Amino acid sequence: MKTILPKKNSLLSKIFLKIVAAQDKVINPQHRSSKQRLKIALEQLGNNSIETSLVVIPDLQQIAQDYPQYHWVIMDTLTTFVRVNSPYVLQGIMSNPSAKVRTDIQVALTVIASRDVKKDPKDEQLNLSHTDMRGANLNGANLEQTNLYLSNLSEVNLSGANLKGAILSAANLEGANLSGANLEGAILSAANLEGADLSRANLNRANLYLARLHRANLDDAILDGANLREAKFSN
């Protein structure tokens, strides 16, 4: 939490006090079965309280780690939680382009991005489409094959992230840090990559058709087999 929450935040003390209070309402793993813990946690996650979410999400992460049979249900629930609570609304979005994700949204994204991908079922896909994740920290995230269609990822830190085969069509990646990221086979058609850092990124066989790359840093990027047809490199 210390690495996620901003420093010198005047609301921190209030948040932590509310988290302690919320813990009394959530789960006691010593006295409940895994199924009961999951049921209560999912119910609590839907109560729209940030403080409760900050308690519940780490518990859901622990359940996913301890009980593989619930892994995908939890990851799918967390992606739904992010989409519902941080939708990408195009109208008026530029009025505050530097906005940051809510603290509980960042925590949920961190859990999703650091999950044990070996427990993901075959032919399933994380869905974070139409989501506003501006300014999130997803350094080293594993988002392989994730659906990020029409998501707002401006100023997001995706350095070293695994986005192999990800769907990023029409996504806003303006100013994003994608240095060293694996974008092999990713679909970036009509994506906005203006000012993005793609240095050392692997764009092998990536689809950049109609992508906007004004001021993007492509130093040492791997572009073998990439589709750059009608990509825009200058205004």
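Small disclaimer: the values here were computed from a predicted structure and weren't measured.

## Side note on the pattern of salt bridges
Pairing is possible between side chains of opposite charge, provided their charged atoms come close.
Then, number 1: Applying the stated criterion across every chain yields a total of nine salt bridges.
Then, number 2: In this structure, the salt-bridge partner of Glu43 is Lys39, at a minimum N-O distance of 2.7 Å. Of the two residues, Glu43 and Lys39 both sit in helix H2 (residues 34-45), four residues apart, roughly one turn of that helix.
Then, number 3: A relative accessible area of 48% means that Glu43 is categorised as partly exposed.

## With respect to the packing of aromatic side chains
Then, number 1: On inspection of all chains with the given rule, the structure shows one aromatic pair.
Then, number 2: Taking the centre distance of 6.3 Å and the plane angle of 55 degrees together, the rings of Tyr67 and Tyr70 count as tilted.
Then, number 3: Judged by its relative accessible area of 16%, Tyr70 is buried.

## A look at helix H5 (residues 103-113)
Spacing of three or four residues puts side chains on the same side of an α-helix, whose turn is 3.6 residues.
Then, number 1: In terms of burial, H5 is largely enclosed, as nine of its eleven residues are buried.
Then, number 2: All of the buried residues along H5 are Asp104, Ile105, Gln106, Val107, Ala108, Leu109, Val111, Ile112 and Ala113.
Then, number 3: Residues of H5 that are buried make contact with helix H3 (50-66) and helix H4 (71-85).

## Things to note about the side chain of Ser159
Then, number 1: Turning to its location among the elements, Ser159 is positioned in the segment after H5.
Then, number 2: Here Ser159 falls in the buried class, since its relative accessible area comes to 19%.
Then, number 3: Apart from the residues within four sequence positions on either side, Ser159 is in contact with Asn139, Gly140, Asn177 and Ser179.

## Points about the packing of H3 against H4
Then, number 1: It is at 9 Å that the axes of H3 and H4 come closest, and there the two elements cross at 150 degrees. Regarding the angle of H3 to H4, the classification is roughly antiparallel. Crossing handedness for the pair H3 and H4: left-handed. Of the residues in H4, those in contact with Ser53, Ile57, Leu60, Ile63 and Ala64 of H3 are His71, Ile74, Met75, Leu78 and Phe81.
Then, number 2: Among the residues making up the contact of H3 with H4, the classes are represented as eight nonpolar, two polar and no charged.

## Here's the deal with the packing of H4 against H5
Two numbers describe a pair of packed helices, the interaxial angle and the distance between the axes.
Then, number 1: As a packed pair, H4 and H5 sit with axes 10 Å apart at the nearest point and diverge in direction by 150 degrees. Of the two elements, H4 crosses H5, and the hand of that crossing is left-handed. The segment H4 lies against H5, with Met75, Leu78, Thr79, Phe81, Val82 and Asn85 engaging Asp104, Ile105, Ala108, Leu109, Val111 and Ile112.
Then, number 2: For the contact of H4 with H5, the class distribution of residues is nine nonpolar, two polar and one charged.

## Focus: the nonpolar core
Then, number 1: Counting 60 residues, the largest nonpolar core has Leu178, Leu183, Leu188 and Leu193 as its most contacted members.
Then, number 2: Among the elements that take part in this core, H5 stands out by supplying seven residues, more than any other.
Then, number 3: Every residue in contact with Leu193, bar those within four places of it in the chain, is listed here: Leu173, Leu178, Leu188, Leu198, Leu208, Ala211, Arg212, Leu213, His214 and Ala216.

## Some remarks on the environment of Leu138
Then, number 1: Looking at the element boundaries, Leu138 is found in the segment after H5.
Then, number 2: Taking the C-alpha atoms as reference points, Leu138 and Thr110, separated by 28 residues in sequence, lie 6.8 Å from one another.
Then, number 3: Ignoring anything within four residues of it in the chain, the contact list for Leu138 reads Leu109, Ala113, Leu143, Val156, Asn157, Leu158 and Ala161.

## Digging into the confidence of the model for the protein
Then, number 1: In the predicted model, the protein carries a mean pLDDT of 88, and the fraction of residues at 70 or more is 83%.
Then, number 2: Summarising per-element confidence for the protein, the mean pLDDT is lowest in helix H1 (residues 12-23) (53) and highest in H5 (97).

## Description of a nonpolar patch on the surface
Then, number 1: Where nonpolar side chains cluster on the molecular surface, the patch consists of Leu223, Leu228 and Phe233 and spans about 230 Å² of accessible area.
Then, number 2: With respect to the helices, strands and loops of the structure, Leu228 is situated in the segment after H5.

## What about the environment of Gln106?
Then, number 1: Examined against the element boundaries, Gln106 turns out to sit in helix H5.
Then, number 2: A relative accessible area of 7% means that Gln106 is categorised as buried.
Then, number 3: Expressed as a C-alpha distance, the spacing of Gln106 and Gly135, which sit 29 residues apart in the sequence, is 9.5 Å.

Rules used in this analysis
- Residues numbered from 1 in each chain as written.
- Predicted model: local features only at pLDDT ≥ 70, side-chain atom pairs only at ≥ 80, totals over all residues.
- Heavy atoms only, no water.
- Salt bridge = Lys/Arg side-chain N within 4 Å of Asp/Glu carboxyl O.
- Helix = DSSP H or I, 4+ residues; strand = E, 2+ residues; numbered from the N terminus.
- Buried < 20%, exposed > 50% of the residue type's maximum accessible area, 1.4 Å probe, protein only.
- Phe/Tyr/Trp six-rings, centres within 6.5 Å; stacked < 30°, edge-to-face > 60°.
- Contact = heavy atoms within 4.5 Å.
- Axes fitted to C-alpha atoms, helices over the stretch in contact; angles between N-to-C directions.
- Parallel < 35°, antiparallel > 145°, perpendicular 65-115°, else oblique.
- Left-handed = near helix turned anticlockwise from the far one by under 90°.
- Nonpolar A, V, L, I, M, F, W, Y, C, P; charged D, E, K, R; others polar.
- Core = buried A, V, L, I, M, F, W, Y, C linked by side-chain atoms within 4.5 Å.
- pLDDT = per-residue confidence, 0-100.
- Patch = residues over 30% accessible without salt bridge, like charges linked within 9 Å, V, L, I, M, F, W, Y side chains within 5 Å.
- Areas by Shrake-Rupley, 256 points an atom, 1.4 Å probe, with all protein chains shown as cover.

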